[in-house]
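Residue-level structure breakdown
One-letter residues, chain by chain:
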Amino acid sequence: MKNRVLKLNDAEIRQNADYVLYWAQMNRRAKSNHALEYAIELGNELGLPVLCYEGLTCTYENANDRLHTFVIEGVPDTQELLEKRGVGYAFYLRRKRSDANDVFYKLVDRSAAVVTDDYPTFIAAAHNSSVPGKVGVATFAVDSSCIVPMRCFEKREYAAYTIRPKIAKLLPEYLEAAPQRKLKHRWRAEKPAFHVEVTAGNIPELVASCEIDHSVKPSAAYRGGSAAAERRLSHFLDCSLARYAKARNEPSQHATSNLSPYLHFGHISSLQVALAVKDYAAEHKLVADEFLEELIVRRELAFNYARLASDIKGFGDLPDWARKTMQAHAGDKRDPLFTAKEMEEAKTYDPLWNATQKELLLRGKIHGYYRMYWGKKIIEWSRTYQDALDLMIGLHDRYALDGRDPNTYTNILWCFGLHDRPWFDRPIFGLMRYMAFDGMKRKTNINAYIQEIAWLEQTGNDPERL
Ligand SMILES: Cc1cc2nc3c(=O)[nH]c(=O)nc-3n(C[C@H](O)[C@H](O)[C@H](O)COP(=O)(O)OP(=O)(O)OC[C@H]3O[C@@H](n4cnc5c(N)ncnc54)[C@H](O)[C@@H]3O)c2cc1C
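This is a predicted model, so every value here is computed, not measured.

All right, on to the side chain of Asp117 then. Mapped onto the fold, Asp117 is located in strand β5 (residues 111-117). At 6.8 Å, Arg28 is the nearest oppositely charged side chain to Asp117, a buried residue that forms no salt bridge. A polar contact of 2.9 Å, which involves the side chain of Asp117, links it to the backbone nitrogen of Gln25. In this view, Asp117 contacts Tyr22, Trp23, Ala24, Gln25, Met26, Asn27, Ala35, Asn128, Ala141 and Val142; residues no more than four positions away in its chain are not counted.

With that settled, consider the site of the ligand. Taken together, 24 residues lie around the ligand, and Tyr244, Thr256, Ser257, Asn258 and Thr408 are the ones closest in. At 3.4 Å, a side-chain N or O of Arg371 approaches an oxygen atom of the ligand. Asp402 is positioned with one of its backbone polar atoms (N or O) 2.9 Å from a nitrogen atom of the ligand. Compared with its free state, where it exposes 830 Å², the ligand has 93% of that area covered by protein. Going through the elements one at a time, α11 (260-264), α13 (289-308), α17 (368-381) and α19 (406-414) are the ones with two or more residues in the shell around the ligand. No other element matches the 5 residues that α13 contributes to the shell around the ligand. When the residues that make up the shell around the ligand are grouped by side-chain class, the tally is 8 nonpolar, 10 polar and 6 charged.

When two helices pack together, their arrangement is given by the angle between the helix axes and by the axis-to-axis distance. Running from N to C, helix α9 (residues 226-239) and helix α12 (residues 270-283) point in directions that differ by 25°, and their axes come no closer than 11 Å. When the interaxial angle is binned, α9 and α12 end up roughly parallel. Between α9 and α12 lies a crossing of right-handed hand. Facing Glu230, Leu233, Phe236, Leu237 and Asp238 of α9, the residues of α12 in contact are Gln272, Val273, Ala276, Val277 and Tyr280. A breakdown of the residues in the contact of α9 with α12 according to their chemical character gives 7 nonpolar, 1 polar and 2 charged.

Its 15 residues give helix α18 (residues 385-399) an end-to-end C-alpha distance of 21 Å, which sits within 8% of 21 Å, the value for a rise of 1.5 Å per residue. Of the surrounding elements, those touching the buried residues of α18 are α2 (65-73), α14 (320-329), α15 (340-344), α16 (351-363), α17 and α19.

Another point: the packing of aromatic side chains. Aromatic ring pairs are defined here through the distance separating the ring centres and the angle between the ring planes. All chains considered together, the criterion is met by 23 aromatic pairs. Ring centres 5.8 Å apart and planes at 85° place the aromatic pair Tyr119 and Phe303 in the edge-to-face group. With Tyr119 in the loop between β5 and α5 (122-130) and Phe303 in helix α13, this residue pair connects regions lying 184 residues apart in the sequence. Both residues of the pair, Tyr119 and Phe303, belong to the buried class. Measuring from ring centre to ring centre gives 4.6 Å for Tyr370 and Tyr449, while their planes differ by 65°; the resulting arrangement is edge-to-face. Placement of Tyr370 in helix α17 and of Tyr449 in helix α21 (residues 446-459) is noted, with a sequence separation of 79 residues between them. There is no split in this pair, since Tyr370 and Tyr449 are both buried. Cation over ring: Arg334 sits above Tyr385, and NZ or CZ is 4.9 Å from the ring centre.

Time to look at the pairing of strand β4 (residues 88-94). For a regular strand, side chains alternate in direction, first toward one face of the sheet and then toward the other. Judged by how many residues are buried, β4 sits mostly within the fold: 7 of 7 residues are covered. Burial of the side chains of β4 extends over both faces: Gly88, Ala90, Tyr92 and Arg94 are buried on one face and Tyr89, Phe91 and Leu93 on the other. Across 7 bridges, the pairing between strand β3 (residues 50-57) and β4 is parallel. Bridged to Thr57 within β4 is Arg94.

Within β5, 7 of the 7 residues are buried, which leaves it mostly tucked inside the rest of the structure. Two strands pair when backbone bridges link them, and strand β2 (residues 19-23) and β5 are joined in this way by 4 bridges, in the parallel orientation. Its bridge partner being in β5, Leu21 is matched across the sheet by Val114. Inspection of the sheet shows β5 paired to strand β6 (residues 139-142) by 4 bridges, in the parallel sense. Residue pairing for β6: Val114 is matched across the bridge by Thr139.

Scoring rules and cut-offs
- Residues numbered from 1 in each chain as written.
- Predicted model: local features only at pLDDT ≥ 70, side-chain atom pairs only at ≥ 80, totals over all residues.
- Heavy atoms only, no water.
- Helix = DSSP H or I, 4+ residues; strand = E, 2+ residues; numbered from the N terminus.
- Buried < 20%, exposed > 50% of the residue type's maximum accessible area, 1.4 Å probe, protein only.
- Lys, Arg positive; Asp, Glu negative; His and termini not counted.
- Salt bridge = Lys/Arg side-chain N within 4 Å of Asp/Glu carboxyl O.
- Polar contact = N/O pair within 3.5 Å; in protein donor to acceptor, adjacent residues only side chain to side chain.
- Contact = heavy atoms within 4.5 Å.
- Near = heavy atom within 4 Å.
- Areas by Shrake-Rupley, 256 points an atom, 1.4 Å probe, with all protein chains shown as cover.
- Nonpolar A, V, L, I, M, F, W, Y, C, P; charged D, E, K, R; others polar.
- Axes fitted to C-alpha atoms, helices over the stretch in contact; angles between N-to-C directions.
- Parallel < 35°, antiparallel > 145°, perpendicular 65-115°, else oblique.
- Left-handed = near helix turned anticlockwise from the far one by under 90°.
- Expected span 1.5 Å × (residues − 1).
- Phe/Tyr/Trp six-rings, centres within 6.5 Å; stacked < 30°, edge-to-face > 60°.
- Lys NZ or Arg CZ within 6 Å of the ring centre and 35° of its normal.
- Pairing = 2+ DSSP bridges.

Okay, here's the thing in structure tokens:
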């Protein structure tokens, strides 16, 4: 647990309590979860069982059928695995604004300590700074999102090349399976009355009963949960890892893992993925360096930025050259200009860009290579850089299953020069890297991708669905 555990308040462990509470905010899983294991360690020391609490509220911005369905689909897997281990589990679905909003605090009143996920964005980041001061009981945040804990890096890294050697040095120490503790005290009490039982059959009904935006439909491709995540991982190992280095930038080849939604909601850990990839590569004599570069170096660079940036949704932390070039080119004429609505509805003149936007609308993520093009074109077609940034974040918040993640903000800001270098001066972009339709056409099979997305739109049949 070295460098993973942070105490969030000065409160003491409560005596005469009933359990240790693990509040699963982001890492909604039973396996490879350092926070859960830390809660079990505390429970064993204190002679108490552990209760895992998972909540889902209708009140966060853009709560919709897609995000709710994915999260709720994860509940049965987590519940089953935890209960097998002897950990108590309770899931609260706050369907209406008028429903109780104090369920967590009531659980805290009977707990010796609270353990939760250390996470630098989204609701968890806000909770972790506001809740510990109110609960009056020792509260710990545990980093189980990164392989090398975020706290190993004291300052904001400039780019991948600055964090890469540091990660390489620390990796031997941290790239090892999370401990799996044996519980000394199994959970034997009744479930709290608020618990909502989720089955494969009742998910649509539960989602329909929530006061959320029902216009954003569940993803055509991705079903939530740890079992689905492990199926994706196995599929990736067997069908794509060997092709990844060469084909990852050819979207029609389907050579990437599609694990980002599962990593975002914590249905699988990057540690579990990295270890599985390493083992498979060793067994099959493959080189997995390109994939591990994305999963570890790029992803953990994003967590580093999200944790230490002062302006995660703004331009304030961009390198000087990027801010200066934006100032110099702010007045450049944009032609054509599209409104946010036209772009949201995929109604530009560019068939490739429209297909990428439709992929976001239908699947809830965009292939990584075209996602860069998607972002760059939004800069080109928006009235101001700020409008472009707001639109990219807004579309992710509403539609992306992997949105609101450290990767979301960092990669959107990459389109504006973050972690990149200056290129050649040109209109609108200044020194920021530019991406052109002709380049995409030359380097990738854009027709195959456009046809695939058109087929998906017409039939609802998704080749990405497992
Ligand atoms: C404008 C823009 C917005 C983006 N928004 C998001 C987002 O909301 N959420 C998100 O997870 N990623 C985002 N990315 C990064 C990247 O596109 C996705 O992580 C990747 O496409 C996810 O697909 P995959 O799981 O098949 O990736 P794989 O290629 O299979 O990679 C495995 C994992 O490595 C990590 N990874 C891959 N590429 C990157 C990268 N460039 N930076 C950091 N980590 C990476 C992800 O966790 C990914 O799941 C964005 C990129 C751009 C250019």
